[in-house]
Amino acid sequence: MKNAFLFFFLVNGLFSFAQIKGKITDDKGNPLPSVTIYEDNTYNGTTSNEQGFYELSTKKLGKHTIVFQFLGFKTQKLDLDITSFPYNLDVKLVEESFTLNEVVINPKDNPANQIIKNAIASKKVNIEKTAKYKADFYSRGIFRIKDAPKKILGKKLDMFDEVLDSTRSGILYLSETVSKIAFQKPDKMKETIIASKVSGNDSGFSFNNAASANFDFYDNYLPFDVNVVSPIADNAFNYYKYKLEGSFYNENNQQINKIKVTPKRESEPVMEGYIYIVDDSWAIYAVDVNIKGEQMQNPALNLLTLKQNFSYNSESKIWVKNTQTIDFIFGILSINVSGKFTYVFSNFEFEPTFTKKTFTKEVLTFEENANKKGDEYWNTIRPIPLTIEESTDYTKKDILQTKKKSQVYLDSIDKKNNKFHFLDPITGYTYKNSFQKWSANYAGILTGVNFNTVQGWKIATGLSYTKNDRENGKYTRFGADFDYGFSEDKFRSTGSFIHKFNNTNKSEIQISGGNRVAQFNEEKPIKELLNSVTTLFFEENFMKIYENNFISFLYQREVTNGIFMKAKVDYLENKPLSNTTDQTFFPKEKNYTSNNPWAPKDYTIPAFEKYNLVKAKVEATINFDQDYITRPDGKYNFSNGNYPILTLGYEKGFAGSEKKYEFDHFKAKIEYDAKLGNKGILSLNAKGGKFFNADQISFVDYKHFNGNQTYIGFSESYLNVFNLMPYYTNSTNDSYFELHTEHNDKGYIMNKIPLLNLLKSNLVLGYHLLAIPNMNPYAEYSIGLDNLGFGKFKMFRLDYVRSYQNGFQKDGVIVGIKFLN
């Protein structure tokens, strides 16, 4: 009885504010989800939830014509005379009967092909009709987990335990937003979120927004992880086969053609399913397509289903998208998650008057207290009623949230997690006070065990204290790091302080100092772990280091939208170091090279003389035409892909122990990614600079370039490295120009090659150039395959590289292992 009462209470609560409400089923009584419901010749609409329930707000009593539209079922248009609200209306839909004239279909005479050609030819006209509008927007997102494992790779999986039922299933995430949007083709959008709700987080702001739902099939490509070709793209016949499965007439006596869309090659970024085209106008009536994760190069994703429904206004003669759903399933390491995003567009205003201030770089903002709207507000404005499961999740997590915020609860969790274990002195230990938002950490020694020829075996560890106020975007950290080299018999330590003031302009201060070992190249191109392996196993000690006593002060912030400034002052005392050990696992006839990058075979001459210097640096990064989102918890920037990112810098060395160590250094960098439709991405990283008054500066302060002699790659792309160049042979204290460019085809070519397309990999072509005075330019050419791996784990890359400098130098295969980065 208690459960029955609760069920009645929830159902009644869900619909008590609806004006026209009810349930939609098929002729067998099965509920129909995602049915499009709208008022005829208006842009007032909604959709049904997963249990078939719907609610549609209307502004006045009297006569109304309501349309119920669902793919595969006959559209119903019902005339109502409403005398009071709420008005209950349950609807049964019957399956549509498709007609298909008897025709002989052959490659030269396929009626579906002609319909698609007409749709492609009419795109411009149909696009212009909806190229400029204002609308109301609603979104709901939900993630569910099913049969979650108790352990993964032997480690207990308990992070979801509080939201899972006895079958270890439940809702992981549930959120809603209500907003007003203004849009103008091709890419201008302004969205104001007036209400945001996240289950279990009353201070949370959903990231659901209209821009993320902007999948337009009239465009040539749909922006997923890669650009997916639309079934009515200009080049669609290169990717799809079409079949007319039938046609029917809608409530306005318009003929709707149902076209089955099939990929010509499964390996391409394409979709499969149905597109419905209106005869004569050749506009889209509906879309129901599937995309596999491997087709969009997202191996964790199993399948994504995208559905869109359009409604027609006989007064404006415009077909407009009013509902959209995205369903997906992804899984990895026995964790299987399903998700669904539902979107409703309503109350369109076409050809509105936009002022110059309508579209700015701020593309999304939140109204004040958007996350503080109560149930009364949501029950009156929510266009899709909650299911019992969703309503229960909100209630359950609201109670759980109150519990989680209490000091008693947080202290109990900390007490459990703060227990000290036998191996913690080796593996590390963290003590948390969650209620006061601070933690203390001991790093352990396992991650700091390395070997080099100067220090020998080295162990390192660290201590830190962190205060993290995420709600206000503040962050404070004190830290100390320690290491000891056994062969060198020397202990070193450094200390640091970091404070982030806010998450709006990202203002941050860093102070650090101490005694450390540093690579000559401050970008650290040689990983300590890899150097340990090449040294101990192959007697190749590529890493060259020196001792650095320092005090450093850094301040950085965004000074205005798109311009990020960084200023740094360092006091440095630099000392040369020499090898202290010749230990190796497999002794060879050759010896270790010296620690002098200039003279690797000379073990007596140091790389430089001990000196002191003050360095002042200022750097500006300009992200042209940068868009951003303003949320109460911070400002979130994202680049405009039409423009490059420019970085300008100036560095001055002064107050040296001798005048010869002082210098001036100007530098600049341009980074750009050009998206070439479905033909991949062309990426560019060009850098240049010039030293002045630097004829006798220390080798430490030269410009060093990121070489690689290990034949191992680490990063997603090689836009900052020469994969066959020795580390220091081209270092300079003069002018320099450096160019890295890669074209990643994102499968455009590889997907079309038989057998090789089974790899589901990307072809990458690269060119790398370095020019400095008094030397021939150094160049590398490469061809490789990216996105290699096993099953859902695509973490490898292979490249064949040839280098040239005054003729051919060498070639080799670079094995990219991305997870080592």
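Above this note sits the structure.
Reading the values: the criteria
- Sequence positions are assigned chain by chain, starting from 1 and proceeding in written order.
- Restriction of local features to residues with pLDDT of at least 70 applies here, the model being predicted, together with a cutoff of 80 or more for giving and counting side-chain atom pairs; totals for whole chains, interfaces and linings are based on all residues.
- Each side-chain value is worked out from all heavy atoms of the structure, with water and hydrogens disregarded.
- Helix and strand assignments follow DSSP, with helices taken as H or I runs no shorter than four residues and strands as E runs no shorter than two, numbered in order from the N terminus.
- Note on classification: 1.4 Å probe, protein chains only; a residue is buried when its accessible area is under 20% of the maximum for its type, exposed when over 50%, partly exposed between these limits.
- When checking whether two residues touch, look at their non-hydrogen atoms; a contact exists if any pair is within 4.5 Å.
- We treat Lys and Arg as the positive residues and Asp and Glu as the negative residues; His and chain ends play no part in the count.
- Positions of charges follow a simple convention, taking NZ of Lys, CZ of Arg, CG of Asp or CD of Glu.
- Two strands make a pair as long as DSSP finds a minimum of two bridges between them.
- Any carboxyl oxygen of Asp or Glu within 4 Å of a side-chain nitrogen of Lys or Arg constitutes a salt bridge here.
- Think of the arc as the fan of directions from the helix axis to the C-beta atoms.
- In this analysis the probe radius is 1.4 Å and the grid spacing 1 Å, with only protein atoms considered; a cavity is a set of points the probe fits into but cannot get out of, a pocket is an open set with protein on both sides within 12 Å along at least five of seven lines, and lining residues have an atom within 4 Å of a point.
- Grid points are joined across faces, edges and corners, and a volume is the space filled by probe spheres set on the points.
- Residue classes follow a fixed rule: Ala, Val, Leu, Ile, Met, Phe, Trp, Tyr, Cys and Pro count as nonpolar, while Asp, Glu, Lys and Arg count as charged, and any other residue, Gly among them, counts as polar.
- For Phe, Tyr and Trp, rings pair up if their centres lie within 6.5 Å, where Trp contributes its six-membered ring, and each pair is then called stacked (planes under 30 degrees apart), edge-to-face (over 60) or tilted (otherwise).
- Put simply, a charge is over a ring when the Lys NZ or the Arg CZ is close to the ring centre, within 6 Å, and near the line of the ring normal, within 35 degrees.
- Residues belong to one nonpolar core when they are buried, are Ala, Val, Leu, Ile, Met, Phe, Trp, Tyr or Cys, and are joined through side-chain atoms within 4.5 Å.
- Helix axes are fitted to C-alpha atoms over the stretch in contact, other axes to C-alpha atoms as well, and angles between N-to-C directions run from 0 to 180 degrees.
- Any angle that is under 35 degrees is reported as roughly parallel, and any over 145 degrees as roughly antiparallel; angles of 65 to 115 degrees are reported as roughly perpendicular and all others as oblique.
- Patches here: salt-bridge-free residues with over 30% relative accessible area, like charges joined within 9 Å, nonpolar side chains (Val, Leu, Ile, Met, Phe, Trp, Tyr) joined within 5 Å.
- To be clear on the numbers: accessible area is Shrake-Rupley with a 1.4 Å probe, and residue cover counts the displayed protein chains and nothing else.

*Asks:* Before we move on, could you go through the overall build of the chain and cite the residues and values that matter?
*Replies:* Within the chain one finds 8 helices and 44 strands. Seen through its principal axes, the chain has C-alpha atoms that stretch 100 × 70 × 55 Å. When burial is assessed residue by residue, the chain has 50% of its 821 residues classed as buried. Sequence-distant contacts in the chain: of pairs separated by 6 or more residues, those separated by 24 or more amount to 60%. Each charge class in the chain can be summarised by its mean position, and for the 101 positive and 94 negative side chains these summaries are 1 Å apart.

*Asks:* Before we move on, can you summarise the pairing of strand β44 (residues 808-817) with the specific residues and values?
*Replies:* Note: strand β39 (residues 712-713) against β44, 2 bridges, orientation parallel. Residue pairing across strands places Gly713 opposite Gly816, the latter belonging to β44. As defined by bridge partners, strand β43 (residues 793-804) adjoins β44 across 9 bridges and the pair is classed as antiparallel. Each residue of the ladder has a partner; that of Ser803, found in β44, is Lys810. The hairpin formed by β43 and β44 contains 3 residues between the paired strands, and Asn806 there has a positive phi angle of roughly 60°.

*Asks:* A description of the pattern of salt bridges should follow, citing residues and the corresponding values.
*Replies:* Counting across every chain of the model gives 45 salt bridges. Glu268 serves as the salt-bridge partner of Lys752, at 3.3 Å between the closest nitrogen and oxygen. Residue Lys752 is located in the loop between β40 (736-744) and β41 (762-771), and its partner Glu268 is located in the loop between β17 (255-263) and β18 (272-278); the two are separated by 484 residues in the primary sequence. Of the residues examined, Lys752 reaches a relative accessible area of 33% and is grouped as partly exposed.

*Asks:* Quick rundown of the environment of Thr534? Include the residues and the values.
*Replies:* By the element assignment, Thr534 lies in helix α8 (residues 528-538). Overall, the relative accessible area of 8% leaves Thr534 in the buried class. Taking the C-alpha atoms as reference points, Thr534 and Phe486, separated by 48 residues in sequence, lie 19 Å from one another.

*Asks:* Explain helix α2 (residues 111-121) to me, using residue names and the numbers behind them.
*Replies:* Along α2, the residues that are buried comprise Ala112, Asn113, Ile115, Ile116, Ala119 and Ile120. Taken down its axis, α2 places every buried residue within 160° of arc, on the same side.

*Asks:* Before we move on, can you summarise empty space enclosed by the protein with the specific residues and values?
*Replies:* Enumeration according to the criterion identifies 5 cavities of 30 Å³ or more in this entry. There is about 100 Å³ of room inside the largest cavity. Lining the largest cavity are Ser34, Thr47, Ser48, Asn49, Glu50, Arg140, Ile142, Lys340, Thr342, Ile384 and Glu390. If you list the elements that add at least two residues to the lining of the largest cavity, you get β9 (132-145) and β22 (335-350). As a volume, the second largest cavity reaches approximately 80 Å³. Considering the residues around the second largest cavity, the lining is formed by Val226, Glu266, Ser267, Pro269, Glu294, Gln295, Gln297, Lys746, Asn751 and Lys760. Here the lining of the second largest cavity is composed, by residue class, of 2 nonpolar, 4 polar and 4 charged.

*Asks:* Now, about the packing of aromatic side chains: what can you tell me, with residues and values included?
*Replies:* Overall, the coordinates contain 58 aromatic pairs when judged by the stated rule. Judged by centre distance (5.9 Å) and plane angle (55°), the ring pair of Phe542 and Tyr727 falls under tilted. Of this pair, Phe542 sits in the loop between α8 and β31 (545-560) while Tyr727 sits in the loop between β39 and β40, placing them 185 residues apart in sequence. Each member of the pair, Phe542 together with Tyr727, is buried. With centroids separated by 6.0 Å and ring planes inclined at 80°, the aromatic side chains of Phe608 and Tyr611 adopt a geometry described as edge-to-face. We note that Phe608, like Tyr611, is buried. Among the aromatic residues, those joined into a cluster by ring pairs are Phe520, Phe542, Tyr546, Trp598, Phe608, Tyr611, Tyr661, Phe699, Tyr702, Tyr727 and Tyr728. Sitting over the ring of Phe714, Lys527 keeps its end group 5.6 Å from the ring centre. Over the ring of Phe692 we find Lys690, and its NZ or CZ is 5.6 Å from the ring centre.

*Asks:* I'd like to hear about the environment of Lys150, residue by residue, with values.
*Replies:* Structurally, Lys150 can be placed in the loop between β9 and β10 (151-152). Considering only alpha carbons, one finds Lys150 and Arg168, 18 residues apart in sequence, at a separation of 8.5 Å. Setting aside chain neighbours within four positions, we find Lys150 in contact with Lys155, Lys156, Leu157 and Arg168.

*Asks:* Give me the nonpolar core: which residues, what numbers.
*Replies:* Judged by nonpolar contacts, the single largest core of 74 residues is most densely connected at Phe224, Tyr240, Ile275, Ile284, Tyr285, Leu304 and Leu306. If you look at the next biggest cluster of nonpolar residues, it comprises 35 residues, including Tyr546, Ala694, Phe705 and Val721.

*Asks:* Quick rundown of the packing of helix α5 (residues 388-405) against helix α6 (residues 407-417)? Include the residues and the values.
*Replies:* Two elements in contact, α5 and α6, have axes whose closest approach is 4 Å; the angle formed by their N-to-C orientations is 70°. The orientation of α5 with respect to α6, classified from their angle, is roughly perpendicular. The residues of α6 that touch α5, namely those facing Lys403, Lys404 and Lys405, are Gln407, Tyr409 and Leu410. Considered class by class, the residues forming the contact of α5 with α6 number 2 nonpolar, 1 polar and 3 charged.

*Asks:* Quick one: what's the story with a nonpolar patch on the surface, residue by residue and with numbers?
*Replies:* Nonpolar side chains collect at one region of the surface, where Val449, Trp457, Ile459, Phe486, Leu529, Val533, Phe537, Phe538, Phe585, Phe586, Phe819 and Leu820 lie side by side and expose about 1,100 Å² of accessible area between them. Examining the composition of the nonpolar patch, we find that 4 residues originate from one element, α8, more than from any other.

*Asks:* A description of the environment of Asp734 should follow, citing residues and the corresponding values.
*Replies:* Topologically, Asp734 is positioned in the loop between β39 and β40. Residues Asp734 and Glu176, 558 residues apart in the sequence, show an inter-C-alpha distance of 57 Å. Dropping the residues within four chain positions of it, Asp734 is found in contact with Gly689, Lys690, Phe691 and Pro773.

*Asks:* Give a description of the sheet that holds strand β6 (residues 76-82) that names residues and reports values.
*Replies:* The strand order across the open sheet built from 4 strands is β3-β2-β5-β6, with neighbouring strands paired in antiparallel fashion. Taken across any chain shown, the strands that pair with only one partner, and hence form the sheet edges, are β3 (45-47) and β6. Taking each pair of neighbouring strands and ignoring which way they run, the sheet shows an average axis angle of 20°. With 3 bridges joining them, strand β2 (residues 36-39) and β3 adopt antiparallel strand pairing. Residue pairing for β3: Thr36 is matched across the bridge by Thr47.

On their own, these measurements won't tell you what the molecule is for.
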